[in-house]
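Commentary on secondary and tertiary structure
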Amino acid sequence: MALVYKSCIPAGGLPAYVCDPCSEGEKGRVSGVFFAKDLIKDDLTAANLGMLTWWETQLAAGSIIIIPSVRGTYDGGAQNKVTGFGRTKEKVTGKTHTLVFNDKNHTGNKSFYEYIENNLKGFILGWVTNNELRVANNTLDSFEAKDPVEEDIESLVLWQGTAVWIQHQKNGGIPLIVDLSEADEVKELFDNCIDPNPAP
């Protein structure tokens, strides 16, 4: 009987690399963020995230809160490593992801940001760039909101939110890279203030 060595390589092997010679590439800047309640974690699928009707339902239920027209950055995730075993020097156990955004809607939002800070384990962060929507695969591990004031009388007082979450490697479970969806159908949600319960 021949020996069979177990492997971490997923079934199907290496996925095909996608190359589009006509693409201009995705433009940067985190331009809108949303906080989804942990209760709908399993519903944060590419199919749902691409449907405007699904968003309307979640907004009306208060399951998702959108912060539109922000300015921010995302670090792409940094590997977490531990000492390896055998002849492997190190083992990657997950990635720590950090997103920083600036919100110009300062007045009236102190209580909102305090709530997110104090209840961060109940929320999953998502955001949009130009044409893409991304959502974390885990709840927040850290969230800090602050509103520094500059000396310049023409400057804006902004809420600066720093969100951190960790995606662990669990036997092919949670991926280390953040999930990505097309945002074409729902982009407008992140450009305007929304009243989730409009009058009939």
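Attention here is on the structure that accompanies the text.

Cut-off values and rules
- Residues numbered from 1 in each chain as written.
- Predicted model: local features only at pLDDT ≥ 70, side-chain atom pairs only at ≥ 80, totals over all residues.
- Heavy atoms only, no water.
- Pairing = 2+ DSSP bridges.
- Helix = DSSP H or I, 4+ residues; strand = E, 2+ residues; numbered from the N terminus.
- Axes fitted to C-alpha atoms, helices over the stretch in contact; angles between N-to-C directions.
- Contact = heavy atoms within 4.5 Å.
- Disulfide = S-S within 2.5 Å.
- Buried < 20%, exposed > 50% of the residue type's maximum accessible area, 1.4 Å probe, protein only.
- Arc of directions from axis to C-beta.
- Salt bridge = Lys/Arg side-chain N within 4 Å of Asp/Glu carboxyl O.
- Phe/Tyr/Trp six-rings, centres within 6.5 Å; stacked < 30°, edge-to-face > 60°.
- Polar contact = N/O pair within 3.5 Å; in protein donor to acceptor, adjacent residues only side chain to side chain.
- 1 Å grid on protein atoms, 1.4 Å probe; cavity = no way out; pocket = protein on both sides within 12 Å on 5 of 7 lines; lining within 4 Å.
- Points joined across faces, edges and corners; volume = space filled by probe spheres on them.
- Nonpolar A, V, L, I, M, F, W, Y, C, P; charged D, E, K, R; others polar.

Right, let's get into the sheet that holds strand β6 (residues 123–128). If you trace the five strands from one edge of the open sheet to the other, you get β2-β1-β6-β7-β10, paired in antiparallel fashion. Only two strands of the sheet have a single neighbouring strand rather than two, namely β2 (64–67) and β10 (179–182). Adjacent strand axes in the sheet meet at a mean angle of 20° when their direction is disregarded. Across four bridges, strand β1 (residues 32–37) lies against β2 in antiparallel orientation. What sits directly across from Phe-34, in β2, is Ile-66. Lying on the sheet, helix α2 (residues 52–61) is in contact with β1, β2 and β7 (132–135); it crosses β2 at an angle near 100°. Each of β1, β2 and β6 touches helix α3 (residues 110–118); the most contacted strand, β2, lies at about 125° to it.

Moving on, we get to the state of the cysteines. Applying the stated criterion to the full structure yields zero disulfides. Cys-22 supplies the cysteine sulfur nearest to Cys-19, a cysteine that is in no disulfide, at a spacing of 9.9 Å. A residue is classified by how much of its surface remains accessible, and Cys-19, at 60% relative accessible area, is exposed. Residue classification places Cys-22 among the exposed residues on the basis of a relative accessible area of 67%.

Our next topic: α2. Counting along an α-helix, one turn takes 3.6 residues, and residues three or four places apart therefore face a common direction. Of the positions making up α2, those classed as buried are Trp-54, Trp-55, Gln-58 and Leu-59. Down the axis of α2, the smallest arc covering the buried residues is 130°, so these residues share one side. Opposite the buried face of α2, at more than 90 degrees from it, the exposed residues are Thr-53 and Ala-61. Tucked inside the fold, the buried residues of α2 contact β1, α1 (46–49), β2 and β7. Gly-62, located one to two residues past α2, shows a positive phi value of around 80°.

With that settled, the discussion passes to the pattern of salt bridges. Two side chains that carry opposite charge are able to pair once their charged atoms sit near each other. The final tally for this structure, using the stated rule, is five salt bridges. The salt bridge partner of Lys-27 is Glu-24, with a shortest N-O separation of 3.8 Å. On the accessibility criterion, Glu-24 (74% relative accessible area) is exposed. A salt bridge links Lys-121 to Asp-141; the nearest nitrogen and oxygen atoms lie 3.0 Å apart. Of the two residues, Lys-121 sits in the loop between α3 and β6 while Asp-141 sits in the loop between β7 and β8 (142–146), which places them 20 residues apart along the sequence. When its relative accessible area of 48% is taken as the criterion, Lys-121 is described as partly exposed. Take Asp-141: its relative accessible area is 34%, and that puts it in the partly exposed class.

Here we come to the packing of aromatic side chains. In total, this model carries 17 aromatic pairs according to the counting rule given. On the numbers, 5.0 Å between centres and 80° between planes, the contact of Phe-112 with Tyr-113 is edge-to-face. Phe-112 gets classed as partly exposed once you look at its relative accessible area, which sits at 22%. For Tyr-113, a relative accessible area of 1% puts it in the buried group. Grouping aromatic residues by their ring pairs yields a cluster made of Phe-35, Phe-101, Phe-112, Tyr-113, Tyr-115, Phe-123, Phe-143 and Trp-159.

Attention now moves to the environment of Asp-141. Taking the C-alpha atoms as reference points, Asp-141 and Leu-120, 21 residues apart in sequence, are found 6.9 Å from one another. Those residues in contact with Asp-141 that lie beyond four places of it in its chain are Leu-120, Lys-121, Val-164, Trp-165 and Ile-166. A polar atom in the side chain of Asp-141 sits 2.9 Å from the backbone nitrogen of Ile-166.

Turning our eyes to something else, we now look at the layout of surface pockets. When its volume is computed, the second largest pocket comes out at roughly 280 Å³. What lines the second largest pocket is a set of 16 residues, and nearest its centre among them are Ile-65, Ile-66, Ile-67, Pro-68 and Ile-194. Those elements giving two or more residues to the lining of the second largest pocket turn out to be β2 and α3. The residue makeup of the lining of the second largest pocket, split by class, is 11 nonpolar, four polar and one charged.

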